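Residue-level listing of the chains:
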Amino acid sequence: MRHDYRMSEIDMAGGAAPVLRGRFLYNEPMKKHVSWRAGGAAQRAYIPADLDDLVWLVRSVPAHEDIHMVGLGSNLLVRDGGVKGVVILLHGVLKKLALESRTQGFPPAPAGIDTALVYAQAGVASPKLARFAANHDLVGGEFWAGIPGTVGGAIAMNAGCYGSETWDKLVQVLTLDRQGQLNERRPDEYVTGYRHVALKRAQQEWFIGGWFRLARGDGAASRETIKVLLKQRIASQPLNLPNAGSVFRNPPDDYAARLIERCGLKGFRIGGAQVSEKHANFIVNLGNATATDIERLIEHVEDSVEARTNVRLIREVRIIGERQ
């Protein structure tokens, strides 16, 4: 489906690519771009000027080189040996957030419910999406205030909290594939579940943005709910230390934090990495943790919980790069 963000007909027909307008950073310390504040360097990092520039960058990267898209880096660990290929930094670049004015091309709203569509690009922080919706008297998106990442990451992992998930609200996504083509896709093209999203047709793509359908309602009440949720987050999570949010998915009918605490691992340390004493499903950087410390601690928690409870925890965080 065509829409406003596709390249021009001349570009799509194979005309000469323009000069890249973004900025390359070489041997860029990724600890500056991940919330754990640890890890190695990116061989090449790129900050695109805008979406068109991002498309041309992807087209220019040889097929044998890896591409990694990074938003706020809130669920990412880069190993101390660094990461090869190209790391593309999206936060603050893909930042469009607006009410959708188009009425055609989307699935119809549920009968009897007054709704509106919000379009958010991948670089928008999830809490900003929550506040935007509430400020426009739209309800149902308050949970995004508790997700410490970008919209792109929330879509990619079906992020959720407080009983809601991102794909519950999605009606369409915009993706960029490895060939540098933009595609609009519907939810029925994906298999989605708890912290899991996969395109039914195997193909490497990245989420560029999404259209969310939200019900019209009491914006003031929504803003108050957001305040309450943020207070709960502050009270229950170790936000005073660098962390990557929940490290493990919750097993069926259980909680990863409960299992970790049951194994006596609260406060357990390896180097500068520690299982949080405030929330056992968080690993915090006490100030001098290396990515190796964090990864070894993740592995220790996995092995200990499995040995004690016969449950193998599944990681929610993503680890990339080379071991040192």
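Residues numbered from 1 in each chain as written. Predicted model: local features only at pLDDT ≥ 70, side-chain atom pairs only at ≥ 80, totals over all residues. Heavy atoms only, no water.

*Asks:* Now, about the overall build of the protein chain: what can you tell me, with residues and values included?
*Replies:* Helix and strand content of the protein chain: seven helices and 19 strands. The C-alpha atoms of the protein chain give 20 Å as radius of gyration, which agrees with the globular expectation for 324 residues (20 Å, within 12%). Each principal axis of the C-alpha distribution contributes one length, and for the protein chain these read about 60 × 50 × 30 Å. The 324 residues of the protein chain split such that 52% are buried. (Helix = DSSP H or I, 4+ residues; strand = E, 2+ residues; numbered from the N terminus. Rg over C-alpha atoms; globule rule 2.2 N^0.38 Å. Buried < 20%, exposed > 50% of the residue type's maximum accessible area, 1.4 Å probe, protein only.)

*Asks:* I'd like to hear about the pattern of salt bridges, residue by residue, with values.
*Replies:* Pairing between side chains of opposite charge can happen when their charged atoms approach one another. On inspection of all chains with the given rule, the structure shows 19 salt bridges. In this structure, Arg-102 and Glu-184 form a salt bridge, with 3.9 Å as the shortest nitrogen-oxygen distance. Separated by 82 residues along the polypeptide, Arg-102 in the loop between strand E6 (97–99) and strand E7 (115–121) and Glu-184 in strand E12 (residues 182–185) bring together distant segments of the chain. Residue classification places Arg-102 among the partly exposed positions, given a relative accessible area of 25%. The exposure class of Glu-184 is buried, given its relative accessible area of 11%. The salt bridge involving Arg-195 is made with Glu-316; its shortest N-O contact spans 3.9 Å. On the criterion of sequence distance, the pair formed by Arg-195 in the loop between strand E13 (190–193) and strand E14 (196–199) and Glu-316 in the loop between helix H7 (291–309) and strand E19 (318–320) is long-range, its members being 121 residues apart. (Salt bridge = Lys/Arg side-chain N within 4 Å of Asp/Glu carboxyl O.)

*Asks:* Describe the sheet that holds strand E17 (residues 273–275), naming the residues involved and giving the relevant values.
*Replies:* Reading across the sheet, the three strands line up as E16-E17-E18 and stay open at both edges, with antiparallel pairing between neighbours. Every interior strand has two partners, whereas the edge strands, strand E16 (269–270) and strand E18 (283–285), have only one. Across three bridges, the pairing between E17 and E18 is antiparallel. Looking at the pairing, Val-275 lines up with Ile-283 of E18. H7 rests against E16, E17 and E18 of the sheet, and its axis sits at about 30° to E17. (Pairing = 2+ DSSP bridges. Contact = heavy atoms within 4.5 Å. Axes fitted to C-alpha atoms, helices over the stretch in contact; angles between N-to-C directions.)

*Asks:* Tell me about the packing of aromatic side chains, and please be specific about residues and values.
*Replies:* Centre distance and the angle of the planes are the two values used to describe a pair of aromatic rings. Taken as a whole and assessed by the stated rule, the structure comprises nine aromatic pairs. For the pair Trp-167 and Tyr-190, a centre-to-centre distance of 5.1 Å together with 55° between the ring planes defines the contact as tilted. In this pair, Trp-167 sits in the loop between strand E10 (164–165) and strand E11 (170–177) while Tyr-190 sits in strand E13, placing the two residues 23 residues apart along the sequence. The pair formed by Trp-167 and Tyr-190 is uniform in burial state, with each residue classed as buried. Their ring planes at 40° and their centres at 5.7 Å tell us that Tyr-190 and Phe-207 sit as a pair that is tilted. Taken together, the residues span a long stretch of sequence, with Tyr-190 in strand E13 and Phe-207 in strand E15 (residues 205–216) at a distance of 17 residues. In terms of burial, Tyr-190 and Phe-207 fall into one category: buried. (Phe/Tyr/Trp six-rings, centres within 6.5 Å; stacked < 30°, edge-to-face > 60°.)

*Asks:* I'd like a description of the sheet that holds strand E5 (residues 83–89), backed by residues and values.
*Replies:* Pairing in this open sheet of four strands is mixed, and the strands run E1-E2-E5-E3 from one edge to the other. At either end of the open sheet lies a strand with only one pairing partner, and these are strand E1 (23–29) and strand E3 (67–70). Here the strands of the sheet are splayed against their neighbours by 30° on average, with no regard to which way each runs. Pairing geometry for E1 and strand E2 (residues 41–47), over six bridges, is antiparallel. Along E2, the bridge assignment pairs Leu-25 with Ala-45. Each of E1, E2, E3 and E5 touches helix H2 (residues 51–60); the most contacted strand, E5, lies at about 165° to it.

*Asks:* Kindly report on H7, identifying the contributing residues and their values.
*Replies:* For H7, with 19 residues, the first-to-last C-alpha span of 27 Å sits near the 27 Å given by 1.5 Å per residue. Of the residues making up H7, those classed as buried are Ala-291, Asp-293, Ile-294, Glu-295, Leu-297, Ile-298, Val-301, Glu-302, Ser-304, Val-305 and Thr-309. Buried residues along H7 sit in contact with strand E4 (76–78), helix H6 (256–262), E16, E17, E18 and E19. Immediately beyond the C-terminal end of H7, within one or two residues, lies Asn-310, with a positive phi of roughly 65°. (Expected span 1.5 Å × (residues − 1).)

*Asks:* Mind laying out the pairing of E12, listing which residues take part and the relevant values?
*Replies:* With burial as the criterion, each face of E12 is covered, one bearing Leu-182 and Glu-184 and the other bearing Asn-183 and Arg-185. One ladder, built from four bridges, connects E11 with E12; its direction is antiparallel. Bridging from a neighbouring strand, Val-173 pairs with Arg-185 of E12. Here E11 folds back onto E12, and the loop between the two strands holds four residues, one of which, Gly-180, carries a positive phi near 85°.

*Asks:* Provide a residue-level description of the confidence of the model for the protein chain, including the pertinent values.
*Replies:* Taken residue by residue, the protein chain gives an average pLDDT of 93. The fraction at 70 or more is 94%. Confidence drops under a pLDDT of 50 for residues 1–14, and excluding neighbours within four residues, the segment shows 33 contacts in the predicted structure. (pLDDT = per-residue confidence, 0-100.)

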